[in-house]
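# Working through the structure, step by step
Residues per chain, in single letters:
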Number of protein chains: 2
Amino acid sequence: MTLDEGKQKFLQSWGALGSSWGINRTMAQIHALLLISPEALSADEIMDELMISRGNANMNIRALIDWGLVYKELKAGERKEFFVAEKDMWEVVKCIITERKKRELEPMLKIMDELSSVPETDERSEAFVKVIRDIKLFGSKADSTLDTLTKSDSNWFVGTFMKMIR
Amino acid sequence: MTLDEGKQKFLQSWGALGSSWGINRTMAQIHALLLISPEALSADEIMDELMISRGNANMNIRALIDWGLVYKELKAGERKEFFVAEKDMWEVVKCIITERKKRELEPMLKIMDELSSVPETDERSEAFVKVIRDIKLFGSKADSTLDTLTKSDSNWFVGTFMKMIR
DNA sequence: CGCAGATTTCAGTAAAATCTGAAAGCTTAT
DNA sequence: ATAAGCTTTCAGATTTTACTGAAATCTGCG
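The rules we used
Residues numbered from 1 in each chain as written. Chains lettered and ligands numbered in written order. Predicted model: local features only at pLDDT ≥ 70, side-chain atom pairs only at ≥ 80, totals over all residues. Heavy atoms only, no water. Axes fitted to C-alpha atoms, helices over the stretch in contact; angles between N-to-C directions. Helix = DSSP H or I, 4+ residues; strand = E, 2+ residues; numbered from the N terminus. Parallel < 35°, antiparallel > 145°, perpendicular 65-115°, else oblique. Contact = heavy atoms within 4.5 Å. Near = heavy atom within 4 Å. Polar contact = N/O pair within 3.5 Å; in protein donor to acceptor, adjacent residues only side chain to side chain. Nonpolar A, V, L, I, M, F, W, Y, C, P; charged D, E, K, R; others polar. Buried area = accessible area lost by both parts, 1.4 Å probe. Salt bridge = Lys/Arg side-chain N within 4 Å of Asp/Glu carboxyl O. Buried < 20%, exposed > 50% of the residue type's maximum accessible area, 1.4 Å probe, protein only. Pairing = 2+ DSSP bridges. Domains from an automatic or database assignment.

## Some remarks on the packing of helix 2 (residues 25-35) of chain B against helix 4 (residues 54-67) of chain B
All names here are of chain B. Two elements in contact, helix 2 and helix 4, have axes whose closest approach is 9 Å; the angle formed by their N-to-C orientations is 70°. In terms of axis orientation, helix 2 runs roughly perpendicular to helix 4. Along its contact with helix 2, which presents Thr26, Met27, Ile30 and His31, the element helix 4 presents Asn56, Ala57, Asn60, Ile61, Ala63, Leu64 and Trp67.

What follows is the structure, given as structure tokens:
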């Protein structure tokens, strides 16, 4: 397989993977493109490579920066902005865990808290509250586990953790 | 908060959560509805409760069954099918991990394998192959970790694991 | 200041995902 | 065998999400 074929296939599958994780195709593709690029790319280069509009490129690059997956880089003597992706896979995964935890897990736990105030007066409300409590319990455990995980380093994960868990 | 208010809010937020995880709103809502229902529900009851069409209900119920999150239940003397959700949260999570691993992680690793055959002839192809290898390495670790996780039981997760990891 | 080069915004459009409803397909009781 | 009662399917409609392109805004240099 040639580099160009491989690159196309990678952009394609990273984009598809993103879709099934609630991340839009283009955002994932920009991320993929920056991941495999040895140097920082400008917005124009990204637009070109992925054949997308300026607006689309801009919005998705901003989103990636918000997620902490991409950094802005200014080249001396250039007025344009260039972008680089975080290349360390463990950092990438930590980033994603941290952001999703903040955006989804935490708000969800907050809602479960409110919901657990439903009075348990019959079978239906008992079943309801039980589910809410279980979700809350499980969610809290996951929350603190993920906290610990994102504070530990890559070697710990790929080394020690693997042995401990087996 | 009354049961009905709480229920509405729960259906609503579980649906929203699903969306950001690549699961469609309705599928997540049917799951939510079955989770909090003390008895099995028929397709008609689900259609009614969520105000959706027969076709929509049927397709999403099937999808939930495929995921292993919902079971078909036949009541004696009834021709209709009834549906119950798996209520044990740890089982639910194991189900989701197992399915997503099978549907996404494994195919992705397969693609990375193909992609790592790109020859490393210059800076660009070296960077490309390095990223592919990193993803593969990380993905394989995740794969076996998740395997171990889904084979362990709930108590182990909420108990031991939490202590070990701290 | 004024303008050239660059980024951001956003209304309108396009594409993708999801849903509907009716028809076709099963299953079981008689 | 057939009809009633359910379930499944799927073409077309609807809704949601994403993208475009051009105008507005920003930035900093002469």
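## Let's talk about the protein's contact with DNA strand D
Taken together, 17 residues form the shell around DNA strand D, and within it Thr26 and Ser53 of chain A together with Asn58, Arg62 and Glu81 of chain B come nearest. Within the side chain of Asn58 of chain B, one N or O atom sits 2.3 Å away from a phosphate oxygen of DNA strand D. Measuring from a phosphate oxygen of DNA strand D, one finds a backbone N or O atom of Glu81 of chain B at 2.9 Å. When residues of the surface near DNA strand D are traced back to their parent elements, those giving at least two are helix 4 (54-67) of chain A together with helix 4 of chain B. For the surface near DNA strand D, the leading source of residues is helix 4 of chain B, giving five residues. For the surface near DNA strand D, the residue count by class is three nonpolar, eight polar and six charged.

## A few points about the packing of helix 6 (residues 123-151) of chain A against helix 5 (residues 89-115) of chain B
Where helix 6 of chain A contacts helix 5 of chain B, the axes come no closer than 10 Å and their chain directions differ by 60°. As judged from the angle between their axes, helix 6 of chain A and helix 5 of chain B are oblique. On the side of helix 6 of chain A, the interface is formed by Asp134, Ile135 and Phe138 of chain A, while helix 5 of chain B contributes Met89, Trp90 and Val93 of chain B. Of the residues contributing to the contact of helix 6 of chain A with helix 5 of chain B, the split by class is five nonpolar, no polar and one charged.

## Quick notes on the interface of chain A and chain B
Contact residues are listed per partner, giving 55 residues for chain A and 55 residues for chain B. Around 5200 Å² of area is buried between chain A and chain B when both sides are counted, 76% of it from carbon and sulfur atoms. Scanning the region where chain A abuts chain B turns up two salt bridges. Note that Lys9 of chain A and Glu114 of chain B form a salt bridge whose closest N and O atoms lie 2.6 Å from each other. On the surface where chain A and chain B come into contact, there are six residue pairs in polar contact (both at pLDDT 80 or more). Counting residues per element, the ones that place at least two in the side of chain A that touches chain B are helix 1 (3-19), helix 5 (89-115), helix 6 and helix 7 (154-165) of chain A. Among the elements that line the side of chain A that touches chain B, the one with the most residues is helix 6 of chain A, at 15 residues.

## Some words on the pairing of strand 3 (residues 81-85) of chain A
Residue and element names in this part refer to chain A. Among the five residues in strand 3, four count as buried, and that is most of the element. Bridge count between strand 1 (residues 41-42) and strand 3: two bridges; the pairing is antiparallel. Bridge assignment links Leu41 to a residue of strand 3, and that residue is Phe83. Here strand 2 (residues 70-74) pairs with strand 3 via five bridges, running antiparallel.

## Here's the deal with the protein's contact with DNA strand C
Taken together, 17 residues form the shell around DNA strand C, and within it Asn58 and Arg62 of chain A together with Thr26, Ser53 and Arg79 of chain B come nearest. Of all atoms in DNA strand C that approach within 4 Å of the protein, 60% are sugar or phosphate atoms. In the model, a base nitrogen of DNA strand C is placed 3.3 Å from a nitrogen or oxygen of the Arg79 of chain A side chain. Glu81 of chain A is positioned with one of its backbone polar atoms (N or O) 3.2 Å from a phosphate oxygen of DNA strand C.

## Some details on the domain arrangement of chain A
Residues and elements named next belong to chain A. Assigned domains of chain A: these are domain 1 (3-85) and domain 2 (89-161). The gap between the C-alpha centroids of domain 1 and domain 2 is 30 Å. Listed per partner, the contact involves seven residues of domain 1 and seven residues of domain 2. Interface of domain 1 and domain 2: buried area, both sides summed, is about 690 Å²; carbon and sulfur atoms make up 70% of it. When the area that domain 1 buries against domain 2 is broken down by residue, the three leading residues are Trp21, Trp67 and Leu69, summing to 66%. Where domain 1 touches domain 2, the interface holds zero salt bridges. Summed over the shared surface of domain 1 and domain 2, the result is one residue pair in polar contact (both at pLDDT 80 or more). For the side of domain 1 that touches domain 2, the class distribution of residues is four nonpolar, two polar and one charged.

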